[in-house]
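Observations on the model geometry
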Amino acid sequence: MTTVIADDITGAAEIAGAALSHGLNTVLTVGCADCPVCADVWVIATDMRSGSEDDAVNTVRQIASCLKNTGGPIFKKTDSVLRGHVTAEINALTEALGISATMLLPQNPSRGRTIKDGIYYVNGVPIDRTPFRDDPEFPVRSASVCDILGGNVEMLTVDGMPNSGTGRHIYAAEATNSDEINLQLSKAGENYLLAGGVDFFNAFLKKEYPYTKNKHEKHGKITPKEYSIILCGSTQSESIAGTLFARRSGTYETTVPHDVFNGAPADSWLASLPALYLRHKSLAINVGRRENAGPAIAARLRHVMAEAARQTAAAHTPDLLIIEGGATAYATISRLELNSFILTHEYAPGIVGMTNGTTEIILKPGSYSWGELL
């Protein structure tokens, strides 16, 4: 069994969707539960990216202690643009498991995210010149991968090989396409931790499970259901008011008021949401595109959004719950006291559908586009 440790829940869902599409029996849990029986891939979702570095390290160590007797490879899912405590988490995991080196390939060329000559590019633009420079919790100040990661990191060029020195190393692998990803994967030794994004994980799956077949077709547009709640919790979120989904479902969209965004009590606004939801049956709650207000406000906002979902869902259990943004998704699922999910399909790479009871839950990373799905 392959075990994946993800630092946020949308990343976990993205990986689980990739495994599902590869024809593998996949289980997703929130936190480290009992080792699942008869699973090919076990994905463990955490909220390490949103906490402190010390909390992230402690979480990794706790999970590692649960995994020592599970057997099989371990893959560490990181944010594709290296937000979070990537180096600290990898160092803690390799130390706990006695692993000598890590092959880290976070970028997803399939989404225009590449690393070349030590520089991270998004659609050909250095990442520090993209909207990621204004990320509320991990603003990018340099496009140099080594600058972003810090610590014991060495760049691994496409033509290069890992050195044979002693001690623990993190090799950040350059790659601009799938062929280069496969080449870098081939350089990883037996006692390597593999870490990175979904493109790297897909390459690993093809190597580790060469005889499985894709059993799950990707779906087209997301179909409205009678009662729907849509949480757009990322400051990169766009309005969905003009989408086909919104027109077909009669979705009413409300945006977090400016005073609440800036720290005013949210009680009055939250109390207004259940009535809007019951009247329209489909309610979108959007943070709105705002300037970077800092990590403290970002942390507060995700809990405001989670409480908005709780109060709204209490009025009527939604048939469909869509959540955009990993930190918002984790806070919401925790507030709703949900911890296990049956994966059903991928709508698109990174956008996954799963069920809990009678509710379909769709998760999407905040930095990914909806494309034509809505």
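Everything discussed here concerns the structure shown above.
Thresholds applied
- Residues numbered from 1 in each chain as written.
- Predicted model: local features only at pLDDT ≥ 70, side-chain atom pairs only at ≥ 80, totals over all residues.
- Heavy atoms only, no water.
- Helix = DSSP H or I, 4+ residues; strand = E, 2+ residues; numbered from the N terminus.
- Expected span 1.5 Å × (residues − 1).
- Buried < 20%, exposed > 50% of the residue type's maximum accessible area, 1.4 Å probe, protein only.
- Phe/Tyr/Trp six-rings, centres within 6.5 Å; stacked < 30°, edge-to-face > 60°.
- Lys NZ or Arg CZ within 6 Å of the ring centre and 35° of its normal.
- Pairing = 2+ DSSP bridges.

This brings us to helix H1 (residues 9–21). Residues that lie three or four places apart on an α-helix share one face, since the helix turns once every 3.6 residues. Over its 13 residues, H1 extends 18 Å from the first C-alpha to the last, a length consistent with the 18 Å expected when each residue adds 1.5 Å. With 13 of 13 residues buried, H1 lies mostly within the body of the structure. Just downstream of H1, Gly23 is the residue with a positive phi angle, here 85 degrees.

A word on unusual backbone geometry. Leaving glycine out, the prevailing phi sign among residues is negative, and the prevailing peptide bond configuration is trans. In this model, Lys281 sits at a positive phi of 70 degrees, which is unusual for a non-glycine residue. With respect to the secondary-structure elements, Lys281 resides in the loop between helix H9 (267–280) and strand E14 (282–286). The exposure class of Lys281 is partly exposed, given its relative accessible area of 32%. The backbone phi angle of Glu337 is positive, close to 60 degrees, even though this residue is not glycine. Note on Glu337: relative accessible area 70%, which makes it exposed.

Evaluated as defined, the whole model comprises six aromatic pairs. Each ring, one from Phe75 and one from Phe201, has its centre 5.0 Å from the other, and the planes form 65 degrees; the classification is edge-to-face. One end of the pair, Phe75, is in strand E4 (residues 74–77); the other, Phe201, is in helix H6 (residues 198–208), with 126 residues separating them in the sequence. For the residue pair Phe75 and Phe201, the accessibility class agrees, reading buried in each case. An aromatic cluster of at least three residues, connected via ring pairs, comprises Phe75, Phe200, Phe201 and Phe204. One residue, Lys364, lies across the ring of Trp370, its end atom 5.2 Å from the ring centre.

The next point concerns the pairing of strand E3 (residues 41–45). Note on strand geometry: in a regular strand, side chains alternate between the two faces of the sheet. Where burial is concerned, most of E3 is hidden: five out of the five residues are buried. Here E3 shows two buried faces, one formed by Val41, Val43 and Ala45 and the other by Trp42 and Ile44. Where strand E1 (residues 2–6) and E3 come together, five bridges link them in parallel fashion. Looking at E3, one finds that Val4 is bridged to Val43. Pairing geometry for strand E2 (residues 26–30) and E3, over five bridges, is parallel. Opposite Thr26, over in E3, you have Val41 as the bridge partner.

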